[in-house]
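Tertiary structure, described
Here's the letter readout for the chains.
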Amino acid sequence: MSNQKSPKKTLDNLVELLCDEAMAASDADIVAEATAYHGDAKTHVSKLRAMAEERIAMHRKKRLFEARQKLDAASSAEGSNALVNRTLSEMKDLVLNLLKKRDDLPQRLTMAARSGESMSDEDWASLYDDLSDLGFFDGGEK
Amino acid sequence: MPSQPFADRFLQEYGITHPSEIDLEAIAYDKGAYVRYRLLDGCEARIVGKGNQAIISIDPRPIPTRKRFSLAHELAHWLLDRGSIGFLCKQSDIGARGAVGNSAEAAANALAAQLLMPGYLFKPLSRKKPLTFDTVSELSKLFRTSNTTTVLRLVEIGDYPGMVVCFGPNGRQWFHRGQDVPEEFWPIRDLDEDSQAFELLYGGDHATRPKKIGAEAWIDRRDAHQYTLTEHSIMIADDVVLTLLWWQDEKQIRDFNS
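Computed from a prediction, not measured in an experiment: that's the story for all the values here. (Residues numbered from 1 in each chain as written. Chains lettered and ligands numbered in written order. Predicted model: local features only at pLDDT ≥ 70, side-chain atom pairs only at ≥ 80, totals over all residues. Heavy atoms only, no water.)

1. So, the interface of chain B and chain A
We apply this condition: Whether two residues touch is decided by their heavy atoms; if any such pair falls within 4.5 Å, the residues are in contact. The term buried area refers to how much accessible surface (probe radius 1.4 Å) is lost by two components on association, counted for both of them together. In the sections that follow, a salt bridge refers to a side-chain nitrogen of Lys or Arg positioned within 4 Å of a carboxyl oxygen of Asp or Glu. By the criterion applied in these results, polar contacts are pairs of N or O atoms within 3.5 Å in which, for protein atoms, one can donate a hydrogen and the other can accept it, and in which residues neighboring in sequence qualify only through two side-chain atoms.
At the interface, 36 residues of chain B touch 33 residues of chain A. Roughly 3,100 Å² of surface becomes buried between chain B and chain A when both sides are summed, with 52% attributable to carbon and sulfur atoms. Applying the counting criterion to the chain B and chain A interface returns 9 salt bridges. Linking Arg63 of chain A and Asp30 of chain B is a salt bridge whose minimum nitrogen-to-oxygen distance equals 3.1 Å. Scanning the region where chain B abuts chain A turns up 19 residue pairs in polar contact (both at pLDDT 80 or more).

2. Quick word on a negative patch on the surface
In plain terms, the rule: Candidate patch residues must exceed 30% relative accessible area and have no salt bridge, after which like charges are joined if within 9 Å and Val, Leu, Ile, Met, Phe, Trp or Tyr side chains if within 5 Å. The Shrake-Rupley method, run with a 1.4 Å probe sphere, supplies the accessible areas, and residue values consider only the shown protein chains as cover. His is not counted, nor are the chain ends, whereas Lys and Arg count as positive and Asp and Glu as negative. Note on charges: their place is set at NZ of Lys, CZ of Arg, CG of Asp or CD of Glu. Secondary structure elements follow DSSP: runs of H or I no shorter than four residues count as helices, runs of E no shorter than two count as strands, and numbering proceeds from the N terminus.
A contiguous patch of negative charge, built from Glu16, Asp20, Glu21, Asp27, Asp29 and Glu33 of chain A, is present on the exposed surface. Along the polypeptide, Glu16 of chain A turns up in helix α1 (residues 7–24).

3. Some words on the packing of helix α4 (residues 88–101) of chain A against helix α6 (residues 121–133) of chain A
Residue and element names in this part refer to chain A. Here is the rule we go by: To get an axis, fit a line to the C-alpha atoms, keeping to the stretch in contact for a helix; angles then go from 0 to 180 degrees between the N-to-C directions. Every angle not falling under 35 degrees, over 145, or within 65 to 115 is termed oblique; those three ranges are roughly parallel, roughly antiparallel and roughly perpendicular. Each crossing gets its handedness from the near helix: less than a right angle anticlockwise from the far helix is left-handed, clockwise is right-handed. Nonpolar residues are Ala, Val, Leu, Ile, Met, Phe, Trp, Tyr, Cys and Pro. Charged residues are Asp, Glu, Lys and Arg, and all others, Gly as well, are polar.
Where α4 contacts α6, the two axes come as close as 9 Å, and the packing angle between them is 55°. On the basis of their axis angle, the class for α4 and α6 is oblique. Considering only the axes of α4 and α6, their crossing is left-handed. Between α4 and α6, the residues in contact are Leu88, Met91, Lys92, Leu94, Val95, Leu96 and Leu98 and Asp121, Trp124, Ala125, Leu127, Tyr128 and Leu131, respectively. Looking at side-chain class alone, the contact of α4 with α6 contains 11 nonpolar, no polar and 2 charged residues.

4. What about the confidence of the model for chain A?
Test applied: Per-residue confidence from the predictor is given as pLDDT, running between 0 and 100.
Here chain A averages 81 in pLDDT, and 79% of its residues register 70 or above. Within chain A, helix α3 (residues 41–78) of chain A carries the highest mean pLDDT (90), whereas helix α5 (residues 107–115) of chain A carries the lowest (57).

5. Observations regarding the pairing of strand β2 (residues 45–50) of chain B
Residues and elements named next belong to chain B. Our working definition: Three labels apply to residues, based on accessible area from a 1.4 Å probe with only protein chains included: buried if under 20% of the type maximum, exposed if over 50%, partly exposed otherwise in between. Pairing between two strands requires that DSSP report at least two bridges joining them.
For β2, the buried fraction is high: 5 of the 6 residues fall into the buried class. Strand direction decides the pairing type here: β2 and strand β3 (residues 53–58), joined by 6 bridges, are antiparallel. Across the sheet, residue Ile47 finds its bridge partner in β3, namely Ile56. Hairpin connection, β2 to β3: the antiparallel pair is bridged by 2 residues, and Gly51 has positive phi, about 60°.

6. Looking at the pairing of strand β5 (residues 162–168) of chain B
Residues and elements named next belong to chain B. Taken across its 7 residues, β5 has 7 buried, putting it largely inside the fold. Both faces of β5 are covered, namely the face carrying Gly162, Val164, Cys166 and Gly168 and the face carrying Met163, Val165 and Phe167. Strand direction decides the pairing type here: β5 and strand β9 (residues 240–246), joined by 6 bridges, are antiparallel. Bridge pairing in β9 links Met163 to Leu245. Pairing geometry for β5 and strand β6 (residues 171–177), over 6 bridges, is antiparallel. Within the sheet, the bridge partner assigned to Val164 lies in β6 and is His176. Where β5 hands over to β6, the hairpin turn is made up of 2 residues, counted between the paired strands.

7. Here's the deal with unusual backbone geometry
Residues and elements named next belong to chain B. Not every positive phi belongs to a glycine, and Lys128 is a case in point at roughly 60°. Checked against the element boundaries, Lys128 lands in the loop between α5 (119–126) and α6 (133–143). A relative accessible area of 59% means that Lys128 is categorised as exposed. Positive phi, normally seen in glycine, also occurs at Arg144, with a value near 55°.

Here is the structure:
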């Protein structure tokens, strides 16, 4: 059996040794050593911090970029939706029936729709569209 | 260390490091709210939501800064009251000077202003900038917000003590003090003839520069004549003047506090 250690084991031991050494050193020793190798320690820490923050920001920006891409795709697709074959009167009735049945919608919307408060025909149609797209009529009323 | 406002933390999660990156439509979409621009007659903006999904409708006719505030307002409703919601928001509900008090509309307006002009971006960009409409104009271009919305934010979280006062033909309409201005400092109710605002409202002069003026022209306090402040006024409608008062020399405030 060979007495030679595997390179990985040797490396692990070295890392462990360096960690122990770093943990045993005082803050002042660490700053002194960092200064000797990298110049001003504060500047070096700032640079590292800035690099880390930039990476985090890039990762987060990706989320917004992807949301914009998905939104653009959804907007393009929306124009091709088939038109709903309902009369305005039917749409109004469906919306009003829904609002009567649902007590979880805020009073303000319910009151405005029930009273037809300044709502034009286009408002009724678009409100029907929205409620329909959100699945409020999925019980078979759509 | 004070905790960051919700809007700051929220926007930082999207890696936003510049005002131009505040893409409210994309953020709304990421949060499940899809934005549609369509003619609305009974309201200026609307949100209907169910579960994790919502549809925000914005009337496309108002000017871009107004539409952007409406979108921020509806997004704020969604962030505050996610779930089954529905709001029909009228013109009077939406805006930095819209609904006040503790209503849902007031809360949405407050959050909307923070989403449009988050403190972590607004403060560095307004740092050490004079409290004038030149600064307001510069910031409103960056943040794509109206002069009124921007000036309120500047007075609220800017570096210097200031006050915004709005005057119409019937006198003072509203005002807003910065947090460094004592609550005992009230703006006058009727315009002083020496003020720029008076000149704009009744004299027809439409281009003004910031100018030093005796504090007694603006502040209703017995000792005001001992101090000066900087006034900059602009017309924001045919008969409405918006004035920014800046305690460039803070002596009046220091003396009051001592």
